[in-house]
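Residue-level structural notes
Each chain, letter by letter, is given below.
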Amino acid sequence: MTLEVRAMLREVAKDLAHFGVLYGADAFRLAAAVFVVTAAAGLLFRCAFGKERGRGWLRRAAVLSLLAAYGYMAAGITLLSRTRSEAGILNFELFSTFQDDFMSRKYICENVLLLFPCAVLLYLLGGMFRRVWVSLPAGLCASLMIETVQLQTRLGKFEADDILTNMTGYAAGYLLCRTADCVFRAVKKGIGFLFSRRIENG
């Protein structure tokens, strides 16, 4: 790893730590409130409709609370921490912001990281978000929403490069989860096969 890459990663870590200090406490309180509400709703659903239909309620409550915290942190990074400009700017030219300098590469890295947790959390939520034709459009909608709100509130620019880098991070998060899921299933199947062979031979 080169010195420049290490320096960039240190700067990205500093920025993340800065936003964690600014919005971490409120994000935690929001996550706790969402967890209490969703866990209580899941428990009531389980009691009303049985264990099978209410299966996984606690996991979903935990993931939803993390999604709420992530959403608040993302809003803090992309909106709350910014100052209003005089006019909104639209930039649909791809790669126009990709410059060969330290700050440009840092912003690209941060934009890639922005939606990575979103993909992971939506995958952990399960259901339709584990299907690629549902999950990727959901990530695209999230990126478009961020860019549109920035434009309308004049807290940032609407840039095609931001959407591209956001979706790169989102796709990476989805592929990581998909790969881990496939590996886990293969290992589980292999362990089950070995146990069944032992039982047969025993």
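A few points on the structure. (Residues numbered from 1 in each chain as written. Predicted model: local features only at pLDDT ≥ 70, side-chain atom pairs only at ≥ 80, totals over all residues. Heavy atoms only, no water.)

**Describing helix 4 (residues 116–125)**
For helix 4, a buried count of seven out of 10 residues is recorded, marking the element as mostly surrounded by other parts of the structure. Those residues of helix 4 not exposed but buried are C118, A119, V120, L121, L122, Y123 and L125. Among the residues trailing helix 4, G126 stands out with phi positive, at a value near 85 degrees. (Buried < 20%, exposed > 50% of the residue type's maximum accessible area, 1.4 Å probe, protein only. Helix = DSSP H or I, 4+ residues; strand = E, 2+ residues; numbered from the N terminus.)

**Thoughts on a nonpolar patch on the surface**
Residues L94, F95, F98 and L164 make up a contiguous nonpolar surface patch of roughly 350 Å² in combined accessible area. Within the secondary structure layout, L164 lies in helix 6 (residues 160–201). (Patch = residues over 30% accessible without salt bridge, like charges linked within 9 Å, V, L, I, M, F, W, Y side chains within 5 Å. Areas by Shrake-Rupley, 256 points an atom, 1.4 Å probe, with all protein chains shown as cover. Salt bridge = Lys/Arg side-chain N within 4 Å of Asp/Glu carboxyl O.)

**A word on the packing of aromatic side chains**
Using the criterion set out here, one finds five aromatic pairs in the structure. Grouped by ring-pair contacts, the aromatic residues F19, Y23 and Y72 constitute a single cluster. (Phe/Tyr/Trp six-rings, centres within 6.5 Å; stacked < 30°, edge-to-face > 60°.)

**A closer look at the environment of M8**
Within the secondary structure, M8 is located in helix 1 (residues 3–49). On the accessibility criterion, M8 (13% relative accessible area) is buried.

**Overview of the side chain of T165**
When you line up the elements, T165 lands in helix 6. Classification of T165 as buried rests on a relative accessible area of 5%. If we ignore the near neighbours within four places in the chain, the residues touching T165 are F98, I108, N111 and V112. (Contact = heavy atoms within 4.5 Å.)

**What to know about the nonpolar core**
In terms of nonpolar packing, the biggest core is built from 23 residues, with L67, Y70, L115, C118, L122, L125 and Y170 touching the most fellow members. Elements supplying a minimum of two residues to this core: helix 2 (57–80), helix 4, helix 5 (132–153) and helix 6. The residues contacting L122, other than those within four sequence positions of it, are L67, F129, A138 and Y170. Counting six residues, the second largest nonpolar core, distinct from the first, contains F19, A27, A31 and A69. (Core = buried A, V, L, I, M, F, W, Y, C linked by side-chain atoms within 4.5 Å.)

**Observations regarding the pattern of salt bridges**
Under the definition given, this model contains eight salt bridges. Note that K14 and E11 form a salt bridge whose closest N and O atoms lie 3.6 Å from each other. With a gap of three residues between them, K14 and E11 both fall in helix 1, about one helical turn apart. R185 serves as the salt-bridge partner of D181, at 3.3 Å between the closest nitrogen and oxygen. You can see D181 and its partner R185 sitting in helix 6, four residues apart, about one turn around the helix. Given a relative accessible area of 15%, D181 falls into the buried group. It is possible to trace a salt-bridge network through shared partners that takes in E4, D100 and R105.

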